[in-house]
Amino acid sequence: MATDYYAVLGVRRDAGQDEIKKAFRRLARELHPDVNPDPKTQERFKEINAAYEVLSDPQKRQVYDLGGDPLSPNGGGAGGFGAGAAGFGFSDIMDAFFGAATGQRGPRSRTRRGQDAMIRLEITLEEAAFGTTKELQVDTAVTCTTCNGEGAAPGTSAQTCDMCRGKGEVSQVTRSFLGQVMTSRPCPQCQGFGTVVPTPCPECAGDGRVRARRTLTVKIPAGVDNGTRIQLAGEGEVGPGGGPAGDLYVEIAETSHPTFQRRGDDLHCTVTIPMTAASLGTQVPLQTLDGLEEVDIRPGTQSGQSIPLHGRGITHLRGGGRGDLIVHVEVQTPTKLDPEQEELLRRLAMLRGEERPSGQFAPGQQGLFSRPFSPMGPAERTAAPMTAPVFVVDDLTGAAPGTTVRLDGPEGRHAVAVKRLGPGEALTLADGRGRGADGTVAALHGKDALDVLVAAVRDEPGPAPRITVVQALPKGDRGELAVETMTEAGIDAIVPWAASRCITQWKGERGAKALAKWRAAAREAGKQSRRLRFPEVREPVTTRQLLPLLAAADFAAVLHEEGSLPLATAPLPAAGEIVLVVGPEGGVSPDEIAAFAEVGATPHRLGPSVLRTSTAGVAAGALLLGRTGRWG
């Protein structure tokens, strides 16, 4: 049996449904991706979901207890045909009526391919720019030299199983009302291999492989970036029985540089110069990746201007050439002047007619009434100009006051060609995950890109509690309308649900297009409502796939016109996750209500009127946002 579902949930094999449910809910709260985003934890979360799906269903649990795996591709066998588990596939049924003549499965091999492995490798910015060669020490499984992968002690060998006589399976004939029935199952003595190892190798305990440390030489190509993976074929784990090795993946982790910040293949840095140097011009020495160079500061340079050094950035990973090095100038105004310096500046101001400058005002500057509304509550945050348009940038981790962010792609084309933004005009960038940057256009690059000089960066705290709406698939384009209104209200996650009474069905390419429209609607509504955090529109789920989400929630409710509990008075948690289920136009079926109740999601009524599925979610979500203080 490939997976011990009882061990995954930490329960006994004779555990009741209540004990299984409690164990799952406890683990789900600890391992939920919203609580712990670590990839290993997410894999563990998938395992407990699979275990609960099997053990919570009496029929699937019975199949599993008999040796099968209901979640395996063949629908019942733990390892597939001939994999050593008692499956219930089509060939087993044919064997039962006609014997084993429909196909000889035979013994399974002890030799299998090894698993792939991955190791992280830290390199410097210089090594990423020009490429390098590194030596790695890896701990992997290698073929046992004592038995050469056979698994048997020296001088011995595997012997034919005397129970199945090398077939790997045993047959049993029984009588029934249909007559004589023959069934086959893996041999319990040799586990389906057809051979037994009476004297295992003392070095590898019969596995044919041992752990060892090896040294590998890896060539790092120029232009790699954080997250780039280099595949080394056949350098991974050796398989059981000395089987072929898997692949080794080397994931690049680029260390930070004291001077330069990398954005794609361009490098950025900031140079601070005094006011006099900016006015008169100067040359500043800069140690680039290629050596010492002089940066030419022209007379009259303004704070925030950028000076490009072409071809001094990172080598393009695919194709020739290199990126640019962008030097951002910051002009430092003197704060402490002695009497002589102050007199000189006053004389300069008099000569230039600047004793009492009137100043130049432009729209889009921040003021007293420029703080936008946000449903995140009264947390402190820097305001953005209400007139500035919002554009989405996937990564704002490196944004800081005085830095420049490139806006390109569809968003950049919209800013240049549709909004017709020019140098000096204000705009706001948002990553949709709670981070925003307010700034002005520094430079245009053709018709589809521009540089934004960042003036201020805002970070909105994560929502508490987090509100997720499970939205049944409505008819026509009402789903996109529901997503837009819930986004504007401040809902944190939207889960499309294929309820049993849904008329609309998302299948194949049609379902992929519908999901893409929902996500685009959330993105555009987030921009229009000036939100920094957009709702996560997840993959569609069935009723059974929805149960783990409800079980892991701190509060789960199903909107139902006949619910005995009013949603307006339900006790809500101050933190954690609230999940609200909105049914289809035909209503939630009794079987779905019963299944939801088993995992703690009870029916609640919203009010005396029955709302459409496309409007019920935003109405109930607004009620929850108000009651939890998210609209405070």
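Source: prediction; values computed, not measured.

Remark: helix α10 (residues 478-489) packs on helix α11 (residues 508-528), axes separated minimally by 8 Å, with the N-to-C direction vectors making an angle of 35°. The element α10 and its partner α11 pack so that their crossing is right-handed. In this structure, α10 contributes Gly479, Glu480, Val483, Glu484, Thr487 and Glu488 to the contact, and α11 contributes Lys517, Trp518, Ala521, Ala522, Ala525 and Gly526. Residues of the contact of α10 with α11, tallied by class, amount to five nonpolar, three polar and four charged.

Before going further, it helps to examine unusual backbone geometry. With glycine set apart, most residues show a phi of negative sign, and most peptide bonds adopt trans. Looking along the chain, the bond that leaves Ala464 and enters Pro465 is cis, with omega of -5°. A positive phi is found at Gln191, a non-glycine position, where the angle reads about 60°. Summarising the element assignment, Gln191 is placed in the loop between β5 (179-186) and β6 (195-196). Judged by its relative accessible area of 43%, Gln191 is partly exposed.

Next up on the list: the sheet that holds strand β11 (residues 266-274). One open sheet accounts for four strands, arranged β10-β11-β15-β14; its pairing is mixed. Strands at the two margins of the open sheet, each flanked by one partner only, are β10 (261-263) and β14 (306-309). The sheet shows a mean angle of 30° between the axes of neighbouring strands, direction not considered. Both β14 and strand β15 (residues 325-332) contribute to a ladder of four bridges, which runs antiparallel. Paired with Leu309 across the bridge in β15 is Leu325.

Turning our eyes to something else, we now look at the side chain of Glu251. Topologically, Glu251 is positioned in strand β9 (residues 248-254). Take Glu251: its relative accessible area is 12%, and that puts it in the buried class. Among residues more than four places away in sequence, those in contact with Glu251 are Met118, Ile119, Arg120, Leu121, Gly227, Thr228 and Arg229.

As a further point, take the layout of surface pockets. Within this model, the largest pocket holds a volume of roughly 1,100 Å³. Considering the residues around the largest pocket, the lining is formed by 48 residues, among which Arg263, His268, Thr404, Val405 and Arg406 are closest to the centre. Listed by contribution, the elements that provide at least two residues to the lining of the largest pocket are β10, β11, β14, β15, β17 (404-407), α9 (409-418), β19 (435-444) and β20 (450-459). Per-class residue counts for the lining of the largest pocket are 16 nonpolar, 19 polar and 13 charged. In this model, the second largest pocket occupies a volume close to 760 Å³. In terms of lining, the second largest pocket is formed by 25 residues, of which the most central are Phe45, Asn49, Arg538, Val541 and Gln545. Those elements giving two or more residues to the lining of the second largest pocket turn out to be α3 (39-55) and α12 (543-552). Counting residues per element, the lining of the second largest pocket draws most heavily on α3, which supplies seven residues. Across the lining of the second largest pocket, the residue classes break down as 12 nonpolar, five polar and eight charged.

Moving on, we come to the sheet that holds β19. Pairing is mixed in the open sheet, where five strands are placed in the order β16-β18-β19-β20-β17. Each having just a single partner strand, β16 (390-392) and β17 make up the two edges of the open sheet. Taken over all neighbouring pairs, the strand axes of this sheet differ in orientation by 40° on average, direction set aside. As judged from the four bridges shared by β17 and β20, these two strands associate in the antiparallel manner. Of the residues in β20, the one forming a bridge with Leu407 is Leu450. Along the sheet face, α9 touches β16, β17, β19 and β20 and points at about 155° away from the line of β16.

So, how was this worked out
Per chain, residues are indexed from 1 in the order of the written sequence. In view of the model being predicted, local features appear only for residues whose pLDDT reaches at least 70, and side-chain atom pairs are presented and counted only at 80 or more, with totals across whole chains, interfaces and linings using the full set of residues. Side-chain measures were taken over the full set of non-hydrogen atoms in the model, leaving aside hydrogen atoms and water. Lines fitted to C-alpha atoms define the axes, with helix axes restricted to the stretch in contact, and inter-axis angles between N-to-C directions lie between 0 and 180 degrees. Secondary structure elements follow DSSP: runs of H or I no shorter than four residues count as helices, runs of E no shorter than two count as strands, and numbering proceeds from the N terminus. By convention the crossing between two helices is left-handed if the near helix lies anticlockwise of the far one by an angle smaller than a right angle, and right-handed if it lies clockwise. Any two residues whose heavy atoms approach within 4.5 Å at even a single point are treated as in contact. Three classes are used, and their members are as follows: Ala, Val, Leu, Ile, Met, Phe, Trp, Tyr, Cys and Pro are nonpolar, Asp, Glu, Lys and Arg are charged, and the others, Gly among them, are polar. Remark: exposure states derive from per-residue accessible area (1.4 Å probe, protein chains only) relative to the maximum for the residue type, with buried under 20%, exposed over 50%, and partly exposed in between. Paired strands are those between which DSSP finds at least two bridges. For each structure, a 1 Å grid was placed over the protein atoms alone; sets of points admitting a 1.4 Å probe that cannot get out are labelled cavities, open sets with protein on both sides within 12 Å along at least five of seven lines are labelled pockets, and lining residues have an atom within 4 Å of a point. Grid points are joined across faces, edges and corners, and a volume is the space filled by probe spheres set on the points.

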